[in-house]
Each structure stands twice: as C-alpha cells, then as structure tokens.
Amino acid sequence: MAADWLGSLVSINCGPTLGVYQGEVSSVDQSSQTISLRQPFHNGVKCPVPEVTFSAIDIKELKILDIRNGNTRTSSSGTTKVSSAPVAVPKGDPRSVEKLNSPLHCSKSYGERHLDIPGQPKGFRRRHNSWSSSSRGANQATPKKNGVKNGQMKHRDDECFGDGVDDGLDTDFDFEGNLALFDKAAVFSEIDISERRNGARSRGTPQEQTPSRYRHDENILEAKPVVYRQITVPQPGAKEYCTDSGLVVPSISYELHKRLLSVAERHGLSLERRLEMTGVCASQMALTLLGGPNRFTPKNLHQRPTVALLCGPHVQGAQGISCGRHLANHEVEVILFLPNFVKMLDSVTSELTLFNKTGGKQVSSIKDLPDTPVDLIINCLDCHENTFLMDQPWYRAAADWANQNRAPVLSLDPPASGQGQAVEAKWSLSLCLPLALGEGAGRVYLCDIGIPLQVFQEVGMKYHSPFGCKFVIPLHSA
C-alpha cells in the first residue's frame, strides 16, 4: 500500500522550527514510521542533499500535491483506474485523508501541469510559491476562489509566474558588449537625414537655430520679437543699465528726475506717499539682505538683527526714517542717528514722530552708536542738492564710523557720481529711474514708487515698466 504513493509529490510541514519541505516520495517505511523525499525543497529553496528522511513525530501536516502511480487522472484520452486504498498520514489533518480518497482532489493543478515530466527540477522550483501557500495551517487558510472570474485570474497568475521566469537569470548581462553595438553617431545621423527629408523641423543656419534647452522662464512657442529697449528718455544720462531679463533701463539726470517727481506730485502723488512707498521697498530689501525667512522666524527671537540708520535733515533722511519704522515693526533692532537741528523739514519731523512710536532707539551723537559691528548700515546722509553737508563735522564723523564698522552698507537714493560719496556702499537703491551712479555705489537696485504711466509721457518719456511682478529689481551695467 505504501508503494502506491512512491513518486508522488508531497508537502510536509514540520512546524516553525524545521519548516516546510516539498519533494517526490522515494520511500515509505511503515515499521519505522519514516518517509523519504528525493530532490527536496526547504521553504521553497532547493536542498543541497539529494534525499531527506522524516520521522512521523516531526511531521505536523502532510499534503499530497501530485499523485503519479495508480491514481485517478482525468484527461482528454480517458480515465485510468484509481486505487482507493487509504494511506496513513502521521499526525495529519483528517481532512487530508478525505482529500486523498476524493478524485476531485487530483484534478489538474500547478504541480500537475508543470511536473508531469520526470526529472524537471526547474519547474518544481518555480512552483514552490503555490506549495508554500498550500502548506499553511488551519488558522491561515485562504478563502476559496470559485467562479469564472477567479479562474481567469488564476490563469493569468500562471502566465505571469509560470515557466520561463528563471530562464537566463544565471547569466550576467553584458553591458559593455551591448553598448558597443549601439552606434550613436550613425543613429543621430539617420535622424538628421530623416528630418531634413521630411521637413519635420527646419534647422536653418547656425545663427537661426533655436536652443535645444530652455530655461524655466522661456517660452517654447514662437512669439513676436522681444523689444529690449522699451524706455526712452529725452535727456539720457551717462550710463545704461539692464535687468535680469535683458530690458534696457537708461539713467537720467537729476534735473529730469526732479521734474518727473514734480509732475507726479502735481497729479496727486504727494511727498508723503513717496516716502511711504520708498520706506516699504527699502525695508523689504533690507529684510532680504538680513536673511529673509531664514532669519526672521519665531525660533530666532533671541537673535534679533541690528540695523544702524544714518540720516540727515533732508528728504533722503526722511526716506531712511520711514524705512527704519517698517524695520522696527518687523522685530529689527533699529538705531537711528540724526543730529539735533534747530529746524528740520516737516516731512522729517512727521516721520520721526512715527518712528518714536515703534520703540526704536534714536541717538544724536556718534559716541552713542555701537562699537561692535552691526548687521546692516543704511546710509541716508547724502543729499542731491546740498553738497555742503559733507563738510559738516557730524557728517564726517558718521561717515568715518560707517567706514570703520565692518558691517555692509545699503545706500538709499544716493546722488549721482559727480557729487562723490564719503561712505562706500555694497548696495544702492534708486527710485523710479536710476541716476548715473559711480563705482562706490556697489550693486544697483531699482524700486517702484508708483508713478503713473501718463506722468512719464507728460515729461517726454516713453516708458514701459521693467519691474514685472516685483517692486525691487537688480540692475546691471550695460
């Protein structure tokens, strides 16, 4: 009776310690209660030994995967005789015995389709996933799949995980040999010839070739030619600047700048509005120079930046005080230097009154300025008209302090290059249209103070805003 099961494929579960074995039954000894498997697989991996023998006390569950000798097998040629003699399954599930006696249990399955040919270890190894799933315990039993849909899914699984999965896996891919077979120059030459023949892309002369790569701000679709000189002035200055996008921004003389502001004020853009707009733009630039969002976070409240503001008794000084007020509102420690004057402009007085409401510090002596370097110095000492201020003792003392302090300097609305600057700046911020600044002005920036387009036309300028989506833009020497 035991000899009837020789050659059958079985799955033996020996518990979590020894694992699950699958293989072909080579011998069954009922006296010693042992069973031997040839070409065994342990947990889906082929064993290095040709045969493994198991004792009945080690077997937790035994399942028949494929029956080869003296059993029922239904095929297209007919039905063969079946042996109904039961076989002892040591310590197995009683349901396993019922499955052995049932002819339905022996219908075509994974192992029957791939292991009908003797001596086929590869097919046996490929099916170890299904055998492992068949050897699950009673608590891990998967739900039965029935119906046409589940049968189709099972057929697809066979196609996906069936024969041919392991073919060629033992051979390393020859990257160098396959790369040598690819003639890159010949392929690109064929592409060029086909494009010229079909007229798919007109390459033109080298000067007319479009770039093969575009920046993130470039348009792929062809549009009208870009006009880079969109601003023309009746009295151009000695210098020309250009923006990051290539637009030309000419410099103007101080007389034309003064006339432009006068016409704008006549149409309603008052000095107070200009001071506020200039203060906002200058403070925004200063906040960026101080570190921007990386510096101004709730975790850095103990590291508040310090800004020294050097102002004179003129409009440029009022612009600096307005900038200091906005900086103080953004948690910046502002130290305002403004000498004591008997009489100052109304704009300076009103801005100073607002600044004192912010909690900022105001000093009138150079001795009260910090001895250690500050984070930023904003220079508003210079004036476009009163050049004699440079000879005043307070001016020279403030300029010496700024040059000796190792902090970077931002010059706000500096004068033209002919007047000279006592403080060397790293950045300069001009208003509306730049003046012809000298080398000591550093990198030039331009801010929009809100002058309407018709105001430019009224003073004889052809103007198109170069600011785009920003209020402060950098300028480069053309």
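Scope of this entry: the structure provided in the associated data block. (Residues numbered from 1 in each chain as written. Predicted model: local features only at pLDDT ≥ 70, side-chain atom pairs only at ≥ 80, totals over all residues. Heavy atoms only, no water.)

1. Observations regarding the overall build of the protein
Alright, step 1. Looking only at helices and strands, the protein features 14 helices and 18 strands.
Alright, step 2. Taken over 478 residues, the protein has a buried fraction of 39%.
Alright, step 3. Here the contacts in the protein between residues at least 6 apart in sequence split such that 61% fall between residues at least 24 apart.
Alright, step 4. Accessible area of the protein: about 28400 Å², with a carbon and sulfur share of 53%. (Helix = DSSP H or I, 4+ residues; strand = E, 2+ residues; numbered from the N terminus. Buried < 20%, exposed > 50% of the residue type's maximum accessible area, 1.4 Å probe, protein only. Contact = heavy atoms within 4.5 Å. Areas by Shrake-Rupley, 256 points an atom, 1.4 Å probe, with all protein chains shown as cover.)

2. Digging into the nonpolar core
Alright, step 1. L327, I378, L433, I451 and M461 are the most contacted members of the largest nonpolar core, which totals 61 residues.
Alright, step 2. With seven residues, the top contributor of residues to this core is helix α10 (residues 271-289).
Alright, step 3. Those residues in contact with I378 that sit more than four places away from it in its chain are A286, V307, A308, L309, L310, C323, L327 and L410.
Alright, step 4. Among the nonpolar cores identified, the runner-up in size contains 22 residues, and A308, L310, V363 and A407 belong to it. (Core = buried A, V, L, I, M, F, W, Y, C linked by side-chain atoms within 4.5 Å.)

3. Focus on the side chain of H326
Alright, step 1. Note on placement: H326 falls in helix α11 (residues 315-329).
Alright, step 2. The buried category is assigned to H326, whose relative accessible area is 13%.
Alright, step 3. A polar side-chain atom of H326 sits 3.0 Å from a polar atom in the side chain of E276.
Alright, step 4. Every residue in contact with H326, bar those within four places of it in the chain, is listed here: E276, G279, V280 and S283. (Polar contact = N/O pair within 3.5 Å; in protein donor to acceptor, adjacent residues only side chain to side chain.)

4. As for the packing of α10 against α11
Alright, step 1. Where α10 contacts α11, the two axes come as close as 7 Å, and the packing angle between them is 55°. Judged by the inter-axis angle, α10 sits oblique to α11. Considering only the axes of α10 and α11, their crossing is right-handed. Between α10 and α11, the residues in contact are L271, L275, E276, T278, G279, V280, A282, S283, A286 and L287 and V315, A318, Q319, S322, C323, R325, H326 and L327, respectively. (Axes fitted to C-alpha atoms, helices over the stretch in contact; angles between N-to-C directions. Parallel < 35°, antiparallel > 145°, perpendicular 65-115°, else oblique. Left-handed = near helix turned anticlockwise from the far one by under 90°.)

5. Remarks on the sheet that holds strand β9 (residues 236-242)
Alright, step 1. Taken in spatial order, the 10 strands of this open sheet run β10-β9-β18-β17-β16-β15-β14-β11-β12-β13, and their pairing is mixed. The sheet terminates laterally at β10 (248-252) and β13 (361-363), the two strands that pair on one side only. Neighbour-to-neighbour, the strand axes of this sheet turn through a mean angle of 30°, independent of strand direction.
Alright, step 2. Two elements, β9 and strand β18 (residues 472-477), share two bridges in a ladder whose sense is antiparallel. (Pairing = 2+ DSSP bridges.)

6. Let's talk about the environment of T372
Alright, step 1. Following the sequence through the fold, T372 ends up in the loop between β13 and β14 (376-380).
Alright, step 2. In the structure, T372 is positioned 33 residues away from N405 in sequence and 7.3 Å away in space, judged by C-alpha atoms.

7. Some words on the pairing of strand β17 (residues 443-447)
For a regular strand, side chains alternate in direction, first toward one face of the sheet and then toward the other.
Alright, step 1. For β17, a buried count of four out of five residues is recorded, marking the element as mostly surrounded by other parts of the structure.
Alright, step 2. Sheet topology places strand β16 (residues 427-431) next to β17; five bridges connect them, and they run parallel. By the bridge assignment for β17, W427 is matched with R443.

8. Description of the pattern of salt bridges
Alright, step 1. Within the structure shown, the criterion is met by nine salt bridges.
Alright, step 2. Among the salt bridges present, the one from R274 reaches E265, with a minimum N-O distance of 3.7 Å.
Alright, step 3. Members of the salt-bridge network, linked through shared partners, are E276, R325 and E351. (Salt bridge = Lys/Arg side-chain N within 4 Å of Asp/Glu carboxyl O.)

9. Thoughts on unusual backbone geometry
Alright, step 1. Of note in the backbone geometry, Q33 takes a positive phi value of approximately 55° without being a glycine.
Alright, step 2. Along the chain, Q33 falls in the loop between β2 (20-29) and β3 (34-42).
Alright, step 3. Accessibility expressed as a relative area gives 41% for Q33, which makes it partly exposed.
Alright, step 4. Residues other than glycine seldom take positive phi values, yet Q39 does so here, at roughly 50°.
Alright, step 5. Looking at the secondary structure, you find Q39 in strand β3.

10. Focus: a nonpolar patch on the surface
Alright, step 1. Residues L179, F182, V187, F188 and I191 make up a contiguous nonpolar surface patch of about 460 Å² in total accessible area.
Alright, step 2. Of all the elements, helix α8 (residues 184-198) adds the most residues to the nonpolar patch, at three residues.
Alright, step 3. Locating V187 in the fold gives a position in helix α8.
Alright, step 4. Looking at V187, the relative accessible area reads 31%, which means it is partly exposed. (Patch = residues over 30% accessible without salt bridge, like charges linked within 9 Å, V, L, I, M, F, W, Y side chains within 5 Å.)

11. Quick look at the packing of aromatic side chains
Alright, step 1. Counting across every chain of the model gives four aromatic pairs.
Alright, step 2. Judged by centre distance (4.9 Å) and plane angle (65°), the rings of Y21 and F54 are edge-to-face. On the criterion of sequence distance, the pair formed by Y21 in strand β2 and F54 in strand β5 (residues 51-55) is long-range, its members being 33 residues apart.
Alright, step 3. Seen in terms of ring centroids, W394 and Y395 are 6.0 Å apart; in terms of plane orientation they differ by 75°. Their pairing is edge-to-face.
Alright, step 4. With relative accessibility at 15%, the residue W394 sits in the buried group.
Alright, step 5. Residue classification places Y395 among the buried residues on the basis of a relative accessible area of 1%.
Alright, step 6. The structure contains a cluster of three or more aromatic residues connected by ring pairs, namely F341, W394 and Y395. (Phe/Tyr/Trp six-rings, centres within 6.5 Å; stacked < 30°, edge-to-face > 60°.)

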